[in-house]
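# Coordinate inspection notes
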Amino acid sequence: MKTFRIAIVGAGVWGDTHAAIYREHPMVDPVAICDKNEERARALAEKYGLSKVYTDVDDMLRDGEFEAVSIVTPDHLHADIAVKCAAAGKHMLIEKPLATTREDVFRIVDAVKAAGVRAMVDLHNRWSPPFAEAHRLIENGELGVLQNAYFRLNDIKWVATDMLPWAAKSSILWFLGSHSFDTLQWLFQDRVKRVYTVSNRGVLDALNVPTEDVFLTTLEFEKGGVAQMENGWITPNANPCVNDIKCNLCGDKAMIAIDASNHNLIQFYSDDKVTVPDIIVRNQIHGRVKGFAYESIRSFVDKLASGEPFVVSLEDAARTSLAILAIMESAKTRMPVEIDYGSLA
């Protein structure tokens, strides 16, 4: 059984997640962590037994004793790292989104192709059990031709104010909208040609996080389907789940309704709060990580070993980033915007 030596760039919450999965995977030897915060990097290395610690990606790549890299930095920092990793001949798992500018999207795509390496973006909602089942039903023709959809994927305020120290440099569209868009293009099995978006802001501005609160986006698909996409991060912190996830999919033969936040399988009640423990996204069973957000990372290794196509193609991830940029433009102009996929069309 081939073992892949993997380095991780980014020692934050999700870098910890990658390290936990790689430590468990029989085909992975996690060997290095790189983060500008050396103390944080060393703490993660000690926790998971990583042998090398770096504070500079160039130094890590010069040593180069690994075959693949997980890029788990804030989203606006992906591109330079990915291009360097491709040039060094490293396969990559890049956290979503692929990149946050049009130039960077194509820089990464071109670098990966030129180097002949493989890259996947961690758009992990394709592994979510209800959405994976919806995809299976659609592929089997159970819904007929998909006509319209509504997808709400929101976060509580805490994500922007506390969880992500770089939230003001990002957007809920990059953080959650990328998942929403990718899921919808995957379910419709079609490309979006036009978007129309409205947004508002003020709640997070007042909390010293200068970024938009909510985006409402209409998607028009090439084959005639339409979808509405809602993404915000001002849900009250007392909401039992960090995420608020609802989706309806309507075909000409049948409909699917998904409520992936209030699953009603387990609730916790105390004198102070009500919570719905996460048993779907990132949970553990007998000390092992089991949620679907972990399965996407495992799948990267599995497909790297088998040579099969990744479940999320680099082209799909690139189209998602280009679409998010069009959505942002539409929100500013309050006008419909055609998505320019360039060479990915």
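Please refer to the structure placed before this passage.
Residues numbered from 1 in each chain as written. Predicted model: local features only at pLDDT ≥ 70, side-chain atom pairs only at ≥ 80, totals over all residues. Heavy atoms only, no water.

Spatially, the seven strands line up as an open sheet ordered S12-S11-S7-S10-S9-S8-S17, and their pairing is mixed. Where the open sheet ends on each side, the last strands, each with one partner, are strand S12 (255–259) and strand S17 (337–338). Where strand S11 (residues 243–251) and S12 come together, five bridges link them in antiparallel fashion. Residue pairing for S12: Cys247 is matched across the bridge by Ile258. Helix H8 (residues 172–188) contacts strand S7 (146–155), strand S8 (192–200), strand S9 (214–221), strand S10 (226–232) and S11 of the sheet and is inclined by roughly 160 degrees relative to S7. Where helix H11 (residues 314–333) meets the sheet, it contacts S8, S9, S10 and S17, and its direction lies at approximately 50 degrees from that of S8. (Pairing = 2+ DSSP bridges. Helix = DSSP H or I, 4+ residues; strand = E, 2+ residues; numbered from the N terminus. Contact = heavy atoms within 4.5 Å. Axes fitted to C-alpha atoms, helices over the stretch in contact; angles between N-to-C directions.)

We now examine the pairing of strand S4 (residues 68–71). Residues Ala68 and Ser70 point to one face of S4 and Val69 and Ile71 to the other, with burial holding for every one of them. As defined by bridge partners, strand S1 (residues 4–9) adjoins S4 across four bridges and the pair is classed as parallel. By the bridge assignment for S4, Val9 is matched with Ile71. Alignment of S4 against strand S5 (residues 91–95), held across four bridges, turns out to be parallel. Note that in S5 the partner of Ala68 across the bridge is His91. (Buried < 20%, exposed > 50% of the residue type's maximum accessible area, 1.4 Å probe, protein only.)

Right, let's talk about the pairing of S12 for a bit. Residue alternation in S12 divides its side chains into a buried set, Ile256 and Ile258, and an unburied set, Met255, Ala257 and Asp259. Hairpin connection from S11 to S12: three residues lie between these consecutive antiparallel strands.

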